[in-house]
Amino acid sequence: MKATATRAPENTRGKILQAAFDEFYKNGFQGGSLNGIVYEAGTTKGALFHHFKGKKDLGYAVVREVIHPQFMQHWSDPLAYSTDPITDLKRIFRQCAKREIADGGLVHGCPVNNLAQEMSPLDEKFRKSLEKIYGAWRETVAAAFARGIKAGKVRKDVSPRKVAAFIVAAQAGMAGTAKNAQDEALLLQTGQALFDYLDSLKP
């Protein structure tokens, strides 16, 4: 009985976070409805305000506890021990493009990019939270390219940090333009252009 009682609040909090992620992803943070979040989570506004001080506090938690771990799982973790970042990045981009097309990413875009475009000019805490995600990914990509150079899979004159900065910027731009165009072919076309760039980094 005690274990169930201690799990119930965390279960409610998790449901609120997931419902908030879905609401903000579809409607933006500013357009997101707390009533809609409460309804989708199957809870009450009282429960929401028990766990979060307000909408912004909920938004920060969504970035920290939902978006950041998801992004790392899909984009950064597969590169953590890579010594062939060119091959591995191509696989990651293919997998993520397939997932985006299947999960409505062409309509709603990338959650990180969406919030960065919407909230970074308006709220410094949002900006810093989102930059942590981009910064962590740049570090992961740069480290993978440094290992790739040592392993002979990447040209020795390549700057891992410059390449990492470009790849992260390219991913954000690809997601944004594909969302605006609602065009799967455009996403695949820009992906192929990125692959051509990656191939140019081989020895």
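Relevant structure appears above.
Residues numbered from 1 in each chain as written. Predicted model: local features only at pLDDT ≥ 70, side-chain atom pairs only at ≥ 80, totals over all residues. Heavy atoms only, no water.

1. Details of the packing of helix 8 (residues 124-150) against helix 9 (residues 160-181)
- Relative to each other, helix 8 and helix 9 sit at 130°, their axes nearing to 8 Å. Here helix 9 runs oblique to helix 8, going by the angle between their axes. Between helix 8 and helix 9 the crossing geometry is right-handed. Residues Tyr134, Trp137, Arg138, Glu139, Val141, Ala142, Phe145, Ala146 and Ile149 of helix 8 form the contact with helix 9, whose own contacting residues are Pro160, Arg161, Val163, Ala164, Ala165, Ile167, Val168, Gln171 and Ala172.
- Taken together, the residues that form the contact of helix 8 with helix 9 break down as 14 nonpolar, one polar and three charged. (Axes fitted to C-alpha atoms, helices over the stretch in contact; angles between N-to-C directions. Helix = DSSP H or I, 4+ residues; strand = E, 2+ residues; numbered from the N terminus. Parallel < 35°, antiparallel > 145°, perpendicular 65-115°, else oblique. Left-handed = near helix turned anticlockwise from the far one by under 90°. Contact = heavy atoms within 4.5 Å. Nonpolar A, V, L, I, M, F, W, Y, C, P; charged D, E, K, R; others polar.)

2. Focus on the layout of surface pockets
- Space inside the second largest pocket adds up to approximately 240 Å³.
- The wall of the second largest pocket is formed by 14 residues, among which Phe93, Ala97, Leu187, Gly191 and Phe195 lie closest to the centre.
- Sorting the residues of the lining of the second largest pocket by element identifies helix 5 (85-103), helix 9 and helix 10 (184-199) as the ones contributing at least two each. (1 Å grid on protein atoms, 1.4 Å probe; cavity = no way out; pocket = protein on both sides within 12 Å on 5 of 7 lines; lining within 4 Å. Points joined across faces, edges and corners; volume = space filled by probe spheres on them.)

3. Concerning empty space enclosed by the protein
- Evaluation of the coordinates by the stated rule reveals one cavity of 30 Å³ or more.
- One number sums up the size of the largest cavity: a volume of about 50 Å³.
- Together, Phe21, Phe24, Tyr25, Val62, Ile67, Pro111, Asn114 and Leu115 line the largest cavity.
- Only helix 1 (2-27), helix 4 (55-76) and helix 7 (111-119) provide two or more residues apiece to the lining of the largest cavity.
- For the lining of the largest cavity, a count of residues per class yields seven nonpolar, one polar and no charged.

4. What to know about the pattern of salt bridges
- All chains considered together, the criterion is met by 10 salt bridges.
- A salt bridge links Glu65 to Arg13; the shortest N-O distance between them is 2.6 Å. Note that Glu65 is positioned in helix 4 and Arg13 in helix 1, a separation of 52 residues in sequence.
- With relative accessibility at 17%, the residue Arg13 sits in the buried group.
- A salt bridge links Arg155 to Asp157; the shortest N-O distance between them is 2.8 Å.
- Judged by relative accessible area, Asp157 falls into the exposed class, the value being 57%. (Salt bridge = Lys/Arg side-chain N within 4 Å of Asp/Glu carboxyl O. Buried < 20%, exposed > 50% of the residue type's maximum accessible area, 1.4 Å probe, protein only.)

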